[in-house]
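So the chains spell out like this:
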Amino acid sequence: MISEPFLKASPILSTLVSNGHEGYFVGGCVRDLLLQKEIHDIDIATSATPNEVMKLFNKVIPVGIEHGTVIVRHEGESYEVTTYRQDGEYTDHRRPNDVRFVTNLAEDLRRRDFTINALAMDRKGRITDLFHGQEDLEKKLIRTVGNPEERFQEDALRILRAVRFSSQLGCTIQKDTLEAMYAIRSQIQHLAIERITVELTKLFQGQHVAKAIQYIIDLRLDEQLPIFQAGYSNIFKDMKDKIIPLQSFAEVIAIFHLLEPTIKIHDWTRNYKCSNNIKNDALKLINAYHFYQSNGLNNWLLYILPKKLWAGWMRTVFVIDNTTIQHELLQEISASLPIQQRSQLDLDGNDLMDWFPHRAKGKWIKNILEEVEYLVVTMQLVNEKKLIKEWVLCNRQEPN
Ligand SMILES: Nc1ccn([C@@H]2O[C@H](COP(=O)(O)OP(=O)(O)OP(=O)(O)O)[C@@H](O)[C@H]2O)c(=O)n1
Ligand SMILES: [Mg+2]
């Protein structure tokens, strides 16, 4: 029953227990174990106070003592060990205002969002399930622990989490939970945007993303999100029947933009506070998509599209055009490219200045380099300095 990552973490529970405290694996890791899904992080709940936890373990990082969380490092892994607690209200929509430590597991589980996330497991693999979480997992049902309105008022991110879990697990959202989500939905506007972006990323990665998008439309959740708020309800509706699981938020943005070209990539990345990596990847996906639209699959496309974006680009083309592109074809074209990057060109700025000694440095150098690069990549010119020189001297006597 207990799988490898739990075995690796179980000495932490043993240390807690042998020192007179309680310790359990809790939340998402127990849910994912029961679903036989890959476990990414293991969280531990304990009756020990943060100070007690810090005394018991050698390597600790006090990340959020006021919220009861200490990271314990063990055999190269990090584990969040959190004292049993009840959250106060989240008036800033990021963290609870105050946290009250409690002494028993039941009270800690009661403050959690959904029954499927309110499961605990001891080091022997025995499950504590006070709210029929296992039954709901089997029925694939998302249901809040206790009063749904209270749970969503405490943290409106849970509204998006419910939809995200429906995408990841294929769950249906229980009726009362769904009604509360609809009633409380305007609170989403006050959430920190970074938290929303994380949820949307996970939502689009889920195998059942189409189901999640239907919930977004039915509950009109998009009206609470940046940009969509301004009345772009077409975007989710347009993608509903075509969407497939996406890997990165760059693909999500690229698809949003292709469905609503009046909104630029940088509007999405600014509003959703994306990293430069996401922004650059989204721009590359879009450039490659437009180039493909006008020219089809050719050398230049493969030259401008980094290999790490191939899969995302193929998904983008599939969602927008319903066209499947064979990976082997991309592989074949890429392998046949005469150069992979500008530095492999048998020409640089110094060559050009030698060939045109009377011309002042200027934009013409960049223009010729780009032109030659395109000709070489598309096999219209051989990548040999002698031949490139001939071409340049014949064709580019006039500065441009
Ligand atoms: N707004 C939230 C966020 C988290 N939790 C509780 O804290 C646990 C851990 O939170 P987190 O790691 O953020 O989510 P997971 O459910 O573990 O999902 P993931 O697989 O994305 O980590 C959840 O299972 C849930 O019990 C909650 O009640 N309310
Ligand atoms: Mg987790």
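Residues numbered from 1 in each chain as written. Chains lettered and ligands numbered in written order. Predicted model: local features only at pLDDT ≥ 70, side-chain atom pairs only at ≥ 80, totals over all residues. Heavy atoms only, no water.

An unreviewed UniProt entry annotates the protein as CCA-adding enzyme originating from Oceanobacillus kimchii. Recorded under Cofactor (unreviewed entry), the UniProt text for the protein is reproduced unchanged: "Mg(2+)". Per its UniProt entry, the protein bears the Sequence similarities (unreviewed entry) comment "Belongs to the tRNA nucleotidyltransferase/poly(A) polymerase family. Bacterial CCA-adding enzyme type 3 subfamily." (UniProt positions renumbered as here; feature names shortened; annotations may be inferred.)

A few words on the UniProt feature "domain: CCA-adding enzyme C-terminal" (unreviewed entry) in the protein. When the UniProt feature table is mapped to this numbering, "domain: CCA-adding enzyme C-terminal" (unreviewed entry) covers residues 259-392. The span residues 259-392 shows a helical share of 63% and a strand share of 0%, and its end C-alpha atoms are spaced 41 Å apart. (Helix = DSSP H or I, 4+ residues; strand = E, 2+ residues; numbered from the N terminus.)

The subject of this paragraph is the nonpolar core. Membership of the largest hydrophobic core comes to 117 residues, with the highest contact counts inside it found for F25, F204, M239, Y272, W313 and V372. The dominant element in this core, judged by the number of residues it contributes, is helix α12 (residues 249-259), at 9 residues. Ignoring sequence-local partners within four residues, the contact set of Y272 consists of I193, I196, T197, L200, L225, P226, F228 and F249. Membership of the second largest hydrophobic core comes to 11 residues, among which are V26, L105, A118 and A120. (Core = buried A, V, L, I, M, F, W, Y, C linked by side-chain atoms within 4.5 Å. Buried < 20%, exposed > 50% of the residue type's maximum accessible area, 1.4 Å probe, protein only. Contact = heavy atoms within 4.5 Å.)

Another aspect to go through is the sheet that holds strand β1 (residues 23-26). One open sheet accounts for 7 strands, arranged β3-β4-β5-β2-β1-β8-β9; its pairing is mixed. Two strands lie at the open edges of the sheet, namely β3 (60-64) and β9 (127-129), each paired on one side alone. Pairs of neighbouring strands in the sheet enclose a mean axial angle of 35°, with direction left out of account. For strand β2 (residues 43-46) and strand β5 (residues 77-83), the ladder comprises 4 bridges, and the chain directions are parallel. By the bridge assignment, I44 is partnered in β5 with V81. The strands touched by helix α1 (residues 4-18) are β1, β2, β4 (69-74), β5 and β8 (119-121); relative to β1, the strand with the most contacts, the crossing angle is about 150°. (Pairing = 2+ DSSP bridges. Axes fitted to C-alpha atoms, helices over the stretch in contact; angles between N-to-C directions.)

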